[in-house]
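In case you want the letters, here they are:
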Amino acid sequence: MRVSKREHILDTGLAIIEREGLTALTFEALAAESGVTKGGLLYHFPSREALVEAIHHHVAEQWSAAVQGAAGGREAEDLDDRERVEAYLRSTTEATRAELLLMLEAADNRSLHRVWRDVLDRWAPANGSDDDAGVRRLIVQLAADGLWLHAAIGGEPLPEKLRARVDRELAALLDQ
């Protein structure tokens, strides 16, 4: 399937953020790297703020798709809370510097924070329930977030066998 020009721009912007940080994302840098004129960029994104917000949505959609893939392609609405949190856990194997930078930026911006909150609400509904099962789901979600952060900050990747065991142990918490 052919990548749309808009998606190409977003992917290129994400590559710039990954390589050089969020402040390096300018229309000039994006035009030079994407091969799209500044006017073409402005057609899709009328401001840098609109571009950055679109990148947040783009990455959040990719994240949600990764969790859905870990759920065997099933939609969040078709899973129970346990299945959603387990898929969330299985999807936290990779993280990028750009994702971490975007998450940090969203922490101080309500509208950007909402983009990420929507994914969490759909796939990791652990918060708000203080019954035993809800607390176990929250523990697994927090552990998954820790595994993701470990990868995002460049921690030594866990050997596949160890990561599989960690995932099994955390998933077993959900069955207690």
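So, here is what we can say about the structure in this document. (Residues numbered from 1 in each chain as written. Predicted model: local features only at pLDDT ≥ 70, side-chain atom pairs only at ≥ 80, totals over all residues. Heavy atoms only, no water.)

1. Overview of the packing of aromatic side chains
Step number 1: Tallied over the full model, the rule gives two aromatic pairs.
Step number 2: Arranged with centres 6.0 Å apart and planes meeting at 55°, the rings of W63 and Y88 form a pair that is tilted. Taken together, the residues span a long stretch of sequence, with W63 in helix α4 (residues 48-70) and Y88 in helix α5 (residues 81-90) at a distance of 25 residues.
Step number 3: Judged by its relative accessible area of 15%, W63 falls in the buried class.
Step number 4: Residue class for Y88 comes out buried when judged on its relative accessible area of 2%.
Step number 5: Residues W63 and W116 carry aromatic rings whose centres are separated by 5.7 Å and whose planes lie at 45° to one another, so their mutual orientation is tilted. Here W63 is found in helix α4, whereas its partner W116 is found in helix α7 (residues 110-123), with 53 residues between them in sequence.
Step number 6: Of the residues examined, W116 reaches a relative accessible area of 4% and is grouped as buried.
Step number 7: Among the aromatic residues, those joined into a ring-pair cluster are W63, Y88 and W116. (Phe/Tyr/Trp six-rings, centres within 6.5 Å; stacked < 30°, edge-to-face > 60°. Helix = DSSP H or I, 4+ residues; strand = E, 2+ residues; numbered from the N terminus. Buried < 20%, exposed > 50% of the residue type's maximum accessible area, 1.4 Å probe, protein only.)

2. Re the pattern of salt bridges
Step number 1: If you walk through the whole model with that rule in mind, you get 14 salt bridges.
Step number 2: The residue E83 makes a salt bridge to R74 at a minimum N-O spacing of 3.6 Å.
Step number 3: Assessed through its relative accessible area of 28%, E83 is described here as partly exposed.
Step number 4: Given a relative accessible area of 37%, R74 falls into the partly exposed group.
Step number 5: Across the pair D81 and R84 runs a salt bridge, and its minimum N-O distance is 2.6 Å. Here R84 and D81 lie together in helix α5, a separation of three residues that amounts to about one turn. (Salt bridge = Lys/Arg side-chain N within 4 Å of Asp/Glu carboxyl O.)

3. Some thoughts on the layout of surface pockets
Step number 1: A volume near 510 Å³ is recorded for the largest pocket.
Step number 2: For the lining of the largest pocket, the secondary structure elements donating two or more residues are α4, α6 (97-107), α7 and α8 (132-152).
Step number 3: The dominant element in the lining of the largest pocket, judged by the number of residues it contributes, is α6, at six residues.
Step number 4: Taken together, the residues of the lining of the largest pocket sort by class into 13 nonpolar, six polar and four charged. (1 Å grid on protein atoms, 1.4 Å probe; cavity = no way out; pocket = protein on both sides within 12 Å on 5 of 7 lines; lining within 4 Å. Points joined across faces, edges and corners; volume = space filled by probe spheres on them. Nonpolar A, V, L, I, M, F, W, Y, C, P; charged D, E, K, R; others polar.)

4. Comments concerning the nonpolar core
Step number 1: One finds L25, L51, I55, Y88, L102, W116 and W123 to be the most contacted residues of the largest nonpolar core, which totals 45 residues.
Step number 2: Every element with two or more residues in this core is listed here: α1 (5-20), α2 (27-34), α4, α5, α6, α7, α8 and α9 (160-174).
Step number 3: Ranked by residue count, the leading element in this core is α4, at nine residues. (Core = buried A, V, L, I, M, F, W, Y, C linked by side-chain atoms within 4.5 Å.)

5. Looking at the environment of V52
Step number 1: Tracing the backbone shows V52 in helix α4.
Step number 2: When its relative accessible area of 4% is taken as the criterion, V52 is described as buried.
Step number 3: In contact with V52, other than residues within four places in its own chain, are L25 and E105. (Contact = heavy atoms within 4.5 Å.)

Take it as geometry only, folks, not as evidence of what the structure does.
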